[in-house]
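Residue-level structure breakdown
Each chain is listed here by its residues.
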Amino acid sequence: MNDFAIEVSGLKKSYRNQRALNHLDLRVPAGSIFGFLGRNGAGKTTTIKILMGMLRADGGTARIFGMDIGDPRLCMEARSRIGFVTEDKDLFPYMTVEQMIRFTRPFFPRWRDDLESRYLKIFDLPPKRKISDLSKGMRSKLMLLIAVCHGAELLILDEPTDGLDPAATEEVLRELVAIAASQQTTIFFSSHQLTEVEQIADSICIVDKGRAIVTGVLDDLKARYQRLQVVLENESAVPARWVEGVDHVRREGRTLSILASGNISAIVGQIESLPGATFERFPVGLKEIFLENVRSDENALV
Amino acid sequence: MILRLNQSSGIPLYLQLMEQVKHAVETGALQSGDQLPTMRKLAEDLVMNPNTVARAYRELEHEGIVELKHGSGAFICESTARKSKVTKKAQAVVQSAVERLVASGLSGDEIRRLVENELALLRDEGKLQGSGS
């Protein structure tokens with residue numbers, strides 16, 4: 001039994017002279033719903049393609065259920081345990097829903113008939129309709145159905161709700177939660193929709209410029225991160241060095257806004273040592289954590 | 001029991017869930033012996049992570065609010081009846097303190113912030129559990 005469904009360490013990949021992954025580290029606990037976040041071009045799809053054996057890394061290692069995917073034989077074995085939904089939803093447009101499912105089944109010896117009929121009903125997919133005539137949302141659902149039905153222990157989903165309306169998104173999220181709860185499946189999904197990640201993920205990784213910059217259990221990150229809003233009495237009184245845990249400091253006139261990623265009591269101590277300073281504390285959501293970490297730092301003092 | 005979570009508030013979801021169950025116990029919406037929804041049902045109803053629901057239930061068990069019975073789910077503990085008496089007494093203490101603060105000219109927001117800062121400091125020193133939201 002592996003504690004981690006996916007373990008990536010020091011992964012490197014460049015396209016010509018463009019660096020896509022720069023020592024990426026990633027650990028996805030087995031049984032988690034893991035949100036893989038980043039801006040466009042941050043390295044999400046490259047990482048997923050390497051995990052699926054569709055691209056070779058220039059350096060570092062990637063393991064799925066402990067199997068090194070750099071080894072072609074182990075990679076094949078790992079792939080048989082993964083369900084995959086790509087960004088471009090590559091299905092055969094000339095087939096009907098029913099034909100697509102019948103075509104896919106024989107590749108997977110552990111195909112689940114029970115789940116197939118369940119999800120055909122839940123997702124309300126018309127079996128006789130051609131894939132080219134399906135809406136974007138229905139195509140996502142069909143891919144998800146195929147990924148789930150082949151009995152995968154790990155679902156790798158690249159932007160699974162991309163292009164879906166809010167109602168269809170909620171439906172897909174609800175099913176992902178149900179799959180995680182009932183099949184003990186690990187779900188690894190990339191997204192730049194912070195709200196959906198915040199809604200269903202228990203662990204996250206924020207990737208930027210090919211590196212993991214924030215990673216951990218989402219509720220623990222929320223407990224650690226705080227914003228401190230400081231009002232100074234004297235405009236010049238700012239410490240030259242902040243204690244550890246201060247990630248970003250912004251200043252506007254007499255106000256300092258500090259984003260802290262932990263060590264709060266020491267930071268509070270430092271603020272209280274400033275003459276006449278008063279402060280307030282606010283909880284910080286994923287959106288703020290994300291934006292503060294991936295934004296280009298023009299006003300930042302730290 | 002109607003639960004509502006605010007995903008983007010920055011307050012950990014498992015703490016929000018715990019607070020709402022506790023609040024339901026304090027108001028009497030949940031009483032000792034009542035059964036909570038199964039973790040799986042709650043996760044699906046609220047469209048939230050099953051591991052997060054499990055964490056909230058485990059913490060509630062740890063605090064003596066619910067009892068987890070293997071296979072049959074989570075139940076509100078007998079001891080919570082006592083707790084709601086403590087809450088009633090606390091209310092009297094808070095009432096007189098707030099009245100004094102209002103009389104000294106502080107606004108509602110100012111009082112709320114003062115209380116929240118005190119709670120946050122206690123929490124950092126490890127003398128307080130819960131979100132304090």
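The model shown is predicted, which means the values in this text are computed figures rather than measured ones.

1. So, the domain arrangement of chain A
Interfaces are frequently sized by the accessible area removed from exposure as the parts join. All names here are of chain A. As far as domains go, chain A holds domain 1 (4-218) and domain 2 (225-294). Taking only C-alpha atoms into account, the centre of domain 1 sits 38 Å from that of domain 2. Taken residue by residue, the interface counts 12 residues in domain 1 and eight residues in domain 2. Taken together, both faces of the contact between domain 1 and domain 2 bury some 850 Å²; the carbon and sulfur share is 80%. Counting the surface domain 1 buries against domain 2, the share from its top three residues, L194, I206 and V214, is 47%. Counting every contact that joins domain 1 to domain 2 gives zero salt bridges. At the boundary of domain 1 and domain 2, one finds two residue pairs in polar contact (both at pLDDT 80 or more). Put simply, the parts of the chain that give the side of domain 1 that touches domain 2 at least two residues each are α7 (194-200), β9 (203-208) and β10 (211-217). Classifying every residue of the side of domain 1 that touches domain 2 by side-chain character gives eight nonpolar, one polar and three charged.

2. Let's talk about helix α5 (residues 108-124) of chain B
Within an α-helix, residues lying three or four positions from one another point in the same direction, as the helix has 3.6 residues per turn. Residue and element names in this part refer to chain B. Between the first and last C-alpha of α5 there are 24 Å, a value that for 17 residues agrees with the 24 Å anticipated at 1.5 Å per step. Taken residue by residue, α5 has I111, N117 and A120 as its buried positions. Immediately beyond the C-terminal end of α5, within one or two residues, lies G126, with a positive phi of roughly 80°.

3. Brief notes about unusual backbone geometry
Residue and element names in this part refer to chain A. The phi dihedral of H23 falls on the positive side, at around 60°, and the residue is not glycine. When you line up the elements, H23 lands in strand β2 (residues 18-29). With a phi angle near 50°, F65 is a residue other than glycine that sits in the positive phi range. Since its relative accessible area comes to 12%, F65 is described here as buried.

4. Some points on a nonpolar patch on the surface
On the surface, a cluster of nonpolar side chains totalling about 450 Å² of accessible area is made up of F92(A), Y94(A), F103(A) and F107(A). Looking at the secondary structure, you find F103(A) in helix α3 (residues 97-104).

About the criteria used
Residues numbered from 1 in each chain as written. Chains lettered and ligands numbered in written order. Predicted model: local features only at pLDDT ≥ 70, side-chain atom pairs only at ≥ 80, totals over all residues. Heavy atoms only, no water. Domains from an automatic or database assignment. Contact = heavy atoms within 4.5 Å. Buried area = accessible area lost by both parts, 1.4 Å probe. Salt bridge = Lys/Arg side-chain N within 4 Å of Asp/Glu carboxyl O. Polar contact = N/O pair within 3.5 Å; in protein donor to acceptor, adjacent residues only side chain to side chain. Helix = DSSP H or I, 4+ residues; strand = E, 2+ residues; numbered from the N terminus. Nonpolar A, V, L, I, M, F, W, Y, C, P; charged D, E, K, R; others polar. Expected span 1.5 Å × (residues − 1). Buried < 20%, exposed > 50% of the residue type's maximum accessible area, 1.4 Å probe, protein only. Patch = residues over 30% accessible without salt bridge, like charges linked within 9 Å, V, L, I, M, F, W, Y side chains within 5 Å. Areas by Shrake-Rupley, 256 points an atom, 1.4 Å probe, with all protein chains shown as cover.

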